[in-house]
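Summary of the model geometry
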Amino acid sequence: MEKLIGHKKIKTAVFISGRGSNLKNLIKFSKTKKSPIVIDLIISNKKALGLKYANRYKIQKKIISFKRNRIAEKKILIILNKRNIKFICLAGFMKILTKNFIEKFKGKIINIHPSYLPQYKGLNTSVRALRNNEKFSGCTVHHVSAKLDSGKIILQKKIKITKNETEVSLDRKIIKEEHKLYPKAILKIFN
Ligand code: GRF
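Procedures and definitions
- Residues numbered from 1 in each chain as written.
- Predicted model: local features only at pLDDT ≥ 70, side-chain atom pairs only at ≥ 80, totals over all residues.
- Heavy atoms only, no water.
- Helix = DSSP H or I, 4+ residues; strand = E, 2+ residues; numbered from the N terminus.
- Rg over C-alpha atoms; globule rule 2.2 N^0.38 Å.
- Axes fitted to C-alpha atoms, helices over the stretch in contact; angles between N-to-C directions.
- Parallel < 35°, antiparallel > 145°, perpendicular 65-115°, else oblique.
- Left-handed = near helix turned anticlockwise from the far one by under 90°.
- Contact = heavy atoms within 4.5 Å.
- Nonpolar A, V, L, I, M, F, W, Y, C, P; charged D, E, K, R; others polar.
- Domains from an automatic or database assignment.
- Buried area = accessible area lost by both parts, 1.4 Å probe.
- Salt bridge = Lys/Arg side-chain N within 4 Å of Asp/Glu carboxyl O.
- Pairing = 2+ DSSP bridges.
- Core = buried A, V, L, I, M, F, W, Y, C linked by side-chain atoms within 4.5 Å.
- Buried < 20%, exposed > 50% of the residue type's maximum accessible area, 1.4 Å probe, protein only.

1. Structural notes on the overall build of the chain
For the chain, the count of helices and strands is six helices and seven strands. In sequence order, the secondary structure elements of the chain are arranged as β-α-β-α-β-α-β-α-β-α-β-β-α. Taken over C-alpha atoms, the radius of gyration comes to 16 Å for the chain, in line with the 16 Å a tight globule of 191 residues would show. Projected onto its principal axes, the C-alpha coordinates of the chain cover approximately 50 × 40 × 30 Å.

2. Some details on the packing of helix H1 (residues 21–30) against helix H6 (residues 167–190)
Between H1 and H6, the least distance of the axes is 10 Å, while the angle of their chain directions is 45 degrees. Here H1 is positioned oblique relative to H6, judged by the angle of their axes. Relative to H6, the crossing made by H1 is right-handed. In this structure, H1 uses Ser21, Asn22, Asn25, Leu26 and Phe29 to contact H6, whose residues at the interface are Ile175, Glu178, His179, Tyr182, Pro183, Ile186 and Leu187. Here the residues of the contact of H1 with H6 sort into seven nonpolar, four polar and one charged.

3. A short note on the domain arrangement of the chain
If you check the domain split of the chain, you get domain 1 (8–106) and domain 2 (112–191). Measuring from the centre of the C-alpha atoms in domain 1 to the corresponding centre in domain 2 gives 20 Å. With 18 residues of domain 1 at the contact, the number on the domain 2 side is 15 residues. For the domain 1 and domain 2 pair, buried surface summed over both sides reaches about 1,500 Å², with 76% attributable to carbon and sulfur atoms. Of all residues in domain 1, the largest losses of buried area upon contact with domain 2 belong to Asn22, Leu90 and Ile102, amounting jointly to 28% of the total for that side. The interface formed by domain 1 and domain 2 holds zero salt bridges in total.

4. Brief notes about the sheet that holds strand S1 (residues 10–16)
Two orientations exist for strands paired in a sheet by backbone hydrogen bonds: parallel and antiparallel. Taken together, seven strands build an open sheet; the order of strands is S3-S2-S1-S4-S5-S6-S7 and the sheet is mixed. On the outer flanks of this sheet lie strand S3 (60–63) and strand S7 (153–160), each paired with one strand and no other. Taken pair by pair, the neighbouring strands of this sheet meet at an average axis angle of 20 degrees, ignoring direction. As judged from the seven bridges shared by S1 and strand S2 (residues 37–44), these two strands associate in the parallel manner. The residue of S2 that forms the bridge with Ile16 is Ser44. Against the sheet, H1 makes contact with S1, S2, strand S4 (87–90) and strand S5 (109–113), and its axis sits at roughly 155 degrees relative to S2, the strand it touches most.

5. A word on the nonpolar core
Ile110, Tyr182 and Ile186 are the most contacted members of the largest nonpolar core, which totals 37 residues. Counting residues per element, this core draws most heavily on H6, at nine residues. Structurally, this core is a two-domain feature, drawing no fewer than three residues from each of domain 1 (8–106) and domain 2 (112–191). Counting residues in hydrophobic clusters, the runner-up holds 21 residues, among them Ala13, Leu41, Phe93 and Leu97.

The structure is reproduced here in C-alpha cells:
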C-alpha cells in the first residue's frame with residue numbers, strides 16, 4: 001500500500017448494511033491524529049440503522065439499492081470517483097461486490113469478518129462455531145477479493161469460547177475485539 005504523502009489523510013468510504021458499530025468506531029479513529037484515513041462517505045444498500053452516524057458526524061451518505069448489482073456498482077463508482085475516494089472499508093456490508101468492481105479498486109478494499117478466517121466464512125459464524133463446540137472464534141480484517149471472505153489476511157485475533165457461551169455473549173466479545181482490530185489493521189496497511 002502506498003505511503004502517506006505529507007499529512008494528507010486518505011479519503012475513505014465505509015460501506016454498511018446494519019447497525020454500524022464498526023462504522024462509528026472507524027469514524028472516531030479517523031479523527032485521531034495517527035489515523036491515515038478520513039471518512040468522506042458512507043454507503044449503504046438500504047436504510048440501515050448505522051446511517052445515523054452520517055448525520056451525527058456530518059458525513060455524506062448515500063443509499064444505493066442493490067436490486068441490480070451492476071447498476072448499483074456503476075452508480076457507486078461514479079460517486080467514489082467524483083469524491084476522489086481511494087480506499088473502502090466494508091463494515092457489515094451484506095452485499096457481495098462483483099469481480100469487476102473489486103478490480104477497479106484493486107487492493108484498496110478491506111473487510112472485517114467475525115471469525116478466525118479461513119474458518120467460518122459466510123454468515124452466522126458464531127452459531128456455527130458454538131454448534132461445532134469450537135474452543136475459539138475470533139475476528140479478521142482482510143483484503144477483499146472476488147472470492148467471499150478469502151482475500152489476504154491483514155490482522156486477526158483469536159477469542160476464547162468459554163463454557164456456557166451463548167451466541168449473544170460470543171458476539172459481544174467479538175464485536176469488542178473488532179473495534180480494536182479494525183483501526184490496528186488500517187494502521188498496519190499504511191505504516
Ligand atoms: C460485524 O460483526 C462484522 O464483522 C460483520 O458484520 C458485523 C457488523 O456489525 N461483517 P456493525 O454493523 O459494525 O455493528
